[in-house]
Amino acid sequence: MRSLDLARPGESISVLCLGAHSDDIEIGAGGAILHWIASGVILEAHWCVLSATGARIVEAEASASAFLMGAASARVELAAFKDSFFPYQGSELKDWFVGLKSRVNPDIILTHHRNDAHQDHREVSQLTWNAFRNHLILEYEIPKWDGDLGQPNGYIPLEAEVLERKIELLMAHFGTQRSKDWFDAETFRGPRAPAWHRM
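What you see is a predicted model; the values in this text were computed from it and never measured.

### A short note on the packing of helix α1 (residues 24–38) against helix α2 (residues 55–67)
The interhelical angle for the contact between α1 and α2, taken along N-to-C directions, is 30 degrees, at an axis separation of 10 Å. In terms of their interaxial angle, α1 and α2 are classed as roughly parallel. Along its contact with α1, which presents Glu26, Gly30, Ile33, Leu34 and Ile37, the element α2 presents Ser63, Ala64 and Phe67. A class-by-class count of the residues in the contact of α1 with α2 yields five nonpolar, two polar and one charged.

### Details of the nonpolar core
By size, the foremost hydrophobic cluster in this structure holds 40 residues, and its most contacted members are Ile13, Val15, Ile33, Trp36, Leu43, Trp47 and Leu110. Within the residue set of this core, elements represented by two or more residues are β1 (12–21), α1, β2 (42–51), α2, β4 (108–112), β5 (136–140) and α5 (160–173). Residue contributions to this core peak at eight residues, all from α1. Ignoring sequence-local partners within four residues, the contact set of tryptophan 36 consists of Leu6, Ile13, Val15, Val41, Leu43, Ile108, Leu110 and Ile156. One finds Ala20, Ala79, Leu100 and Ile109 within the second-largest nonpolar core, a separate group that totals 19 residues.

### Section: helix α4 (residues 119–131)
Owing to its 3.6 residues per turn, the α-helix brings residues three or four apart onto one side. Counted at 1.5 Å a residue, the expected span for α4 with its 13 residues is 18 Å, and the 18 Å between its end C-alpha atoms agrees. Those residues of α4 that fall on the buried side of the exposure criterion are Asp120, His121, Glu123, Val124, Ser125, Leu127, Thr128 and Ala131. Buried residues in α4 make contact with β1, α1, β2, α3 (90–103), β4 and β5.

Parameters and conventions
- Residues numbered from 1 in each chain as written.
- Predicted model: local features only at pLDDT ≥ 70, side-chain atom pairs only at ≥ 80, totals over all residues.
- Heavy atoms only, no water.
- Axes fitted to C-alpha atoms, helices over the stretch in contact; angles between N-to-C directions.
- Helix = DSSP H or I, 4+ residues; strand = E, 2+ residues; numbered from the N terminus.
- Parallel < 35°, antiparallel > 145°, perpendicular 65-115°, else oblique.
- Contact = heavy atoms within 4.5 Å.
- Nonpolar A, V, L, I, M, F, W, Y, C, P; charged D, E, K, R; others polar.
- Core = buried A, V, L, I, M, F, W, Y, C linked by side-chain atoms within 4.5 Å.
- Buried < 20%, exposed > 50% of the residue type's maximum accessible area, 1.4 Å probe, protein only.
- Expected span 1.5 Å × (residues − 1).

Shown next, in the form of structure tokens:
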């Protein structure tokens, strides 16, 4: 299998990372971000979490800062849309995406897998494709009990140390999620954890 080589050491790329919730980008795309930074890619990141409230705000800010350490530039943007109700907030979310498009013009966009079982994830994916019609969009997957993992057709292989760093950061920054039985190192170390799905 060939790896997806989007940027080489010394090259610059701008990446827009989109996640519905404060751990989504880290779980689905965190390995790629860490890989690019570790390999010497000059990374400019715009990191957006659409539902971060209460304790999840602190988690989102601290985790994004840790995952983006070493990036050439990093901007973290948090919104407060109601968790699990994204399809019912469609008009407000659409306005938010229209505003985002006016502020960024990335080389690559990382967003949720379009057929994710979680309604918030699907809504973010749909609005990403709707707003950014002339960009390279890569969809990532979130492992969970729903069994909705797709058929990825693109992978960014992770070095062992990068994968372990991703797991270390996930476990360190998301205390609110540790009670969930799927939120553990073995889930994130699984064969599909570093997978990317691009349609």
